[in-house]
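In case you want the letters, here they are:
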Amino acid sequence: MDFNSLLQQAQRLTNETQTSEELPRVERTISQVLEATKELHSRVTQTGAQDIQAHILLGSKGIDLPKISQKLESLNARKTFEPLDPIADTDIQSFLKNEKENAILSVIEEVHKNSFLNAQKRKWEHIKSDWRQEKMKLMNALVGPSQNWIDIQKLPEQTIINETFGSRSCLNRIEMAYAREVYDYNAIIIKGAFRPSLVQRFAKVAQTFDDPKVNEIWEIMKYMVDVTPVSRNRDPMQSRQQVNQFVDQAKKYLENRYKLYMSTIISGNLREAQRGGVPSIFNLVSSFVGLTFNQGNCFGLQDATIDGKPLWPMVYYCLRCGDLQSALKCMQMGGAGHEDFIQVLEDKVNKPEQKINSKLEGQLKLHYCNKIKNSTDPYKKAVYCIIAGCDPNEQHLEVAKTTDDFLWIQLSILRTDVTDNSDALTYSGLQTMILEKYGEKHFNAGEQQHLYFQVLALTGQFEAAIEFLSRTEKYRVHAVHIALALNEMFLIAGPRNVQEPLLSVDIEDPIPMRRLNIARLVMLYVKKFEITDPAEALQYFFFLRNLKDPEGRNLFLVCVSDLAIECRDYDLIFGKMMPTGLPAGGLFQQFDCVEFDTRVAAGMVAEELVRKGMFEDAIKLFDIANMQSQSLRYLSLMLSQVVHQSSKKGSLRERLSIMAGDFSERLRGSRIECEPQVIATFNLLTELVAFFDYYHERKYQIALEVLANTKLVPMSMNDLEECISNFKRLGGEICKVYPDILLAAMDILYSQYKAIKGKDSVMLDTGRDSQLQHLRQKAKALTNMAATVPYRMPGDTNKRLVQTEILMH
């Protein structure tokens, strides 16, 4: 194909593409086309592959990317909020304008900075709160030996049948029985009556459980608390140093238990026992020894016999039963050679409160070391150790065949008044031996929880005993109530801070004493049922009324606050506010006293709800707390956000409207201490509620009448100045909703305008024109008001108002 034919075809294509539109013809020579091609090639090679694709994509849509890029490069947004450069002082107008703009920009920057800091602060508070809750859940899942660290929280329980709460109770039969006693006990305390013994009451309840081991646990506690009352102003750990009473009570329990055991053995072998004469410990021991020892198993026993029974077993078992008089009788019947021993026993019998003669005791110890220690008679060695307190390392395995025997011997050997260089067994040494040297493994505590609890409790280690018992599901309920009972008697040593572990060590306490965090124990126990049985939960929280949280708040009120926020049944806990202005009902009212009452508790919960942003709930509680000013403040704040919305069934606006109506009824005729601005704002918002209700119901004329009474918007140009003056006195809540008021008022005017101007109108033209003109004047007043008020309207408010006014002309 030659160039002539190619030229003809190009001309034909050009003619075919010509349109009727008057567009300029583009004619380029071959050299111009070549130049344009080179220019395009250079631009493509410079921009790269990605820019090429962008050019192709945007170019297919008719977008010139290079021009857009140039425009974007010419824009510089940084100058928008940068401080303006100062100008010459002689230009007053420019200087004032510059200063004004700089002030505005500085305010904007300060608000932005504060908003950012507040948002950051709230975000971290929320994160810390969530982590705190998760940490508590994790720590509380580790209900094991907490020797060093844990943190405070709650667990399972409740009391008395709760008829006011619909959910099914989480309390089992045992927990419910304890809970009833807790309720009765607290009722007595609140009335200020004489405080009964919780140990006795709980022990009586435990008898209905048909569990011998549980009965045994409570029997131990009955013995151990039968001591001189402890002062509530003294640290229980210091009171525990008066160990004589606790040692005596522990021995008394073990001795009475052994007497019962011997009686049981004898009752099962009455013929062989040949028991006779006047019932006494001596005759009981004589019969028991007669059954236990015969000619075949008396090997190694020394010295004389009493009525055919070996002497030292008789003495030992008399001591084991706690009868020094019978032991003395046995020694006197045993013949000569034991004068020093008899003298010591006589001193113990006749002068129980006095210390043993140190010279006689030294002679017994010397005699033991020289002769008795290597004796073949285990009972003789045991008796000497018990009376003289010597050789504390001797285990007496042939005599102490049970844990009770071992513990009784150790309690009998220990001495409370020893010197630092003495090798005698001390109370602290015995406690260390039980808790740390032997520990849970030695006593097989995993299989015999009640046994390990027994040895801890009988050695005065109540805190460690309760903590150990609370680890198992079976005994946890009993451990909690033992702790409550002892705490009411001021026998439980608590930590310095309620956020300490369940069981902790204080460096100032004697070794190996522990401190029990009863707040944590109770809260762990109550956690299981506090939602389903709040009445019972409150009863248990009442035991924490004398404790403080790290912020110094009453721990009982803190727990009530947490429970109220979690279950959100404020009417159940605090009662309902009656038209008289007084709360009625509520579980908390039964705890009202000098230290705290329903109002104080409700106020604490309300403050916490405000911190969490739960304003609707806070409004009710501020009202119960007799803090109506706060209720009105937050009610106004929330109403301002929804007052312009249509009321729907169950919506927030409906709930707030009902609440506002109740407040208006109660406050009508009554006076409260509150800022006038807050009351004025609340009253305006209640009127606006009615206005928007009529507006959404299309009752336009009534809506305008209500709005006219508020003096918020002008109904004519003559009202404009007065409304502007009123606007300057409005609170932020009203200003926030003001654009919606103007739009609603303008919409009402336009609807009336269309109705009058409609085809169905039959009024005279003169009257019709007058009304239309009147509506136009009102619309003009609204647009002027919107343009004049010192408030920045949202984006299109002025535009919509002006457009509507234009439509009415």
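Keep in mind it's a predicted model, so treat the numbers as computed, not measured.

Peer 1: An account of the side chain of R415 is needed here, citing residue identities and associated values.
Peer 2: Looking at where R415 falls in the secondary structure, it is placed in the loop between α18 (403-413) and α19 (427-442). A polar contact of 2.9 Å, which involves the side chain of R415, links it to the backbone oxygen of I413. Filtering out sequence-adjacent residues up to four positions away, R415 remains in contact with E361, I386, I387, A388, G389, A424, L425, T426 and Y427.

Peer 1: Which residues make up helix α15 (residues 339-350), and what values do they have?
Peer 2: With 12 residues, α15 extends 16 Å between its outermost C-alpha atoms, agreeing within 8% with the 16 Å of an ideal straight helix rising 1.5 Å per residue. On its buried side, α15 packs onto α13 (311-320), α14 (324-333), α16 (358-370) and α17 (378-388).

Peer 1: Which residues make up the environment of I734, and what values do they have?
Peer 2: Along the chain, I734 falls in helix α34 (residues 732-757). Note: C-alpha distance between I734 and L685 (49 residues apart in sequence) is 7.3 Å.

Peer 1: Pulling in residues and values, what's your account of the pattern of salt bridges?
Peer 2: As a working rule, side chains carrying opposite charge can pair if their charged atoms are close by. With the rule as written, the count across this model stands at 28 salt bridges. A salt bridge links R633 to E675, with the nearest nitrogen and oxygen atoms 3.8 Å apart. A residue pair is termed long-range when its members are at least 10 positions apart, and R633 in helix α29 (residues 628-642) and E675 in the loop between α30 (652-667) and α31 (676-696) qualify at 42 residues. R633 gets classed as partly exposed once you look at its relative accessible area, which sits at 31%. Connected through shared salt-bridge partners, D235, R496, D506, E508, D509 and R515 make up one network.

Peer 1: I'd love a proper account of the packing of aromatic side chains, names of residues and values included.
Peer 2: Each aromatic ring pair is described using two quantities: the centre-to-centre distance and the angle formed by the ring planes. Across all of its chains, the model carries 41 aromatic pairs by this definition. With a centroid separation of 6.0 Å and an interplanar angle of 65°, the aromatic rings of F246 and F462 are classed as edge-to-face. Of this pair, F246 sits in helix α10 (residues 243-267) while F462 sits in helix α21 (residues 462-469), placing them 216 residues apart in sequence. What makes F246 buried here is its relative accessible area of 3%. Each ring, one from Y438 and one from F443, has its centre 6.4 Å from the other, and the planes form 80°; the classification is edge-to-face. One aromatic cluster is present, built from ring pairs that chain together Y258, Y261, F288, F293, Y316, Y317, Y379 and W408. Cation over ring: K329 sits above F282, and NZ or CZ is 4.2 Å from the ring centre. Note that R545 overlies the ring of F542, its terminal NZ or CZ placed 4.3 Å from the centroid.

Peer 1: Describe the packing of helix α7 (residues 198-206) against helix α8 (residues 212-224), listing the residues and the values that go with them.
Peer 2: Put simply, α7 and α8 touch, their axes get as near as 9 Å, and they point 165° apart. As judged from the angle between their axes, α7 and α8 are roughly antiparallel. Handedness of the crossing formed by α7 with α8: left-handed. Only V214, N215, W218, M221 and K222 of α8 make contact with α7, whose side of the interface consists of V199, Q200, F202, A203 and A206. Tallied by class, the residues present in the contact of α7 with α8 amount to 7 nonpolar, 2 polar and 1 charged.

Peer 1: Account for unusual backbone geometry, with residues named and values stated.
Peer 2: Geometrically, the link from I511 to P512 is a cis peptide bond, its omega value of 5° lying close to zero. In this fold, P512 is placed in the loop between β3 (503-504) and β4 (515-516). Positive phi is not limited to glycine here, since N626 has a value of about 60°. Summarising the element assignment, N626 is placed in the loop between α28 (615-624) and α29. The exposure class assigned to N626 is partly exposed, which follows from its relative accessible area of 42%. A positive phi angle is found at K711, which is not glycine, with a value near 60°. Its place among the elements puts K711 in the loop between α32 (700-710) and α33 (720-727).

Peer 1: Got a sec to walk through the nonpolar core? Specific residues and values, please.
Peer 2: Ranked by size, the top nonpolar core spans 225 residues in total, and within it F574 and L688 carry the most contacts. The dominant element in this core, judged by the number of residues it contributes, is α34, at 15 residues. Setting aside its immediate chain neighbours within four residues, F574 contacts V560, A564, P583, G585, G586, F588, T598, A601, A602, V605, L621 and I624.

Peer 1: Let's hear about helix α23 (residues 518-526): which residues, and what values?
Peer 2: Given 3.6 residues per helical turn, the α-helix brings residues three or four places apart onto the same face. Along α23, 9 of the 9 residues are buried, which leaves the element largely enclosed by surrounding structure. Turning to α23, its buried residues number three or more, namely I518, A519, R520, L521, V522, M523, L524, Y525 and V526.

Peer 1: Go over the side chain of D617, please, and point to the residues and values.
Peer 2: Within the secondary structure layout, D617 lies in helix α28. A relative accessible area of 7% means that D617 is categorised as buried. Setting aside residues up to four positions removed in sequence, D617 forms contacts with R568, Y570 and L609.

Peer 1: Which residues make up the packing of helix α6 (residues 173-191) against helix α22 (residues 473-488), and what are the values?
Peer 2: One can describe the packing of α6 onto α22 by two numbers: an axis separation of 10 Å at closest approach and a directional angle of 15°. Classified by the interaxial angle, the pair formed by α6 and α22 is roughly parallel. Helix-helix and strand crossings are classified by hand; for α6 and α22 the assignment is left-handed. Every residue of α22 that contacts α6 at I174, E175, Y178, V182 and Y185 is listed here: V477, H478, H481 and E488. Class assignment of the residues belonging to the contact of α6 with α22 gives a composition of 5 nonpolar, 2 polar and 2 charged.

Peer 1: Which residues make up the confidence of the model for the protein, and what values do they have?
Peer 2: Here the protein shows a mean pLDDT of 82. Residues at 70 or above account for 83%. Between residues 77-83, whose pLDDT stays under 50, and residues either more than four places distant or in other chains, the model counts 6 contacts. Taken together, the stretch residues 143-166 has pLDDT below 50 and engages in 119 contacts with residues farther than four places along the chain or on a different chain.

Peer 1: Tell me what's going on with the environment of Q200, and back it up with residues and numbers.
Peer 2: Looking at where Q200 falls in the secondary structure, it is placed in helix α7. A relative accessible area of 41% means that Q200 is categorised as partly exposed. Put simply, Q200 and W218 are 18 residues apart on the chain and 8.5 Å apart in space, counted from C-alpha to C-alpha.

What counts, and where the lines are drawn
- Residues numbered from 1 in each chain as written.
- Predicted model: local features only at pLDDT ≥ 70, side-chain atom pairs only at ≥ 80, totals over all residues.
- Heavy atoms only, no water.
- Helix = DSSP H or I, 4+ residues; strand = E, 2+ residues; numbered from the N terminus.
- Polar contact = N/O pair within 3.5 Å; in protein donor to acceptor, adjacent residues only side chain to side chain.
- Contact = heavy atoms within 4.5 Å.
- Expected span 1.5 Å × (residues − 1).
- Salt bridge = Lys/Arg side-chain N within 4 Å of Asp/Glu carboxyl O.
- Buried < 20%, exposed > 50% of the residue type's maximum accessible area, 1.4 Å probe, protein only.
- Phe/Tyr/Trp six-rings, centres within 6.5 Å; stacked < 30°, edge-to-face > 60°.
- Lys NZ or Arg CZ within 6 Å of the ring centre and 35° of its normal.
- Axes fitted to C-alpha atoms, helices over the stretch in contact; angles between N-to-C directions.
- Parallel < 35°, antiparallel > 145°, perpendicular 65-115°, else oblique.
- Left-handed = near helix turned anticlockwise from the far one by under 90°.
- Nonpolar A, V, L, I, M, F, W, Y, C, P; charged D, E, K, R; others polar.
- Core = buried A, V, L, I, M, F, W, Y, C linked by side-chain atoms within 4.5 Å.
- pLDDT = per-residue confidence, 0-100.

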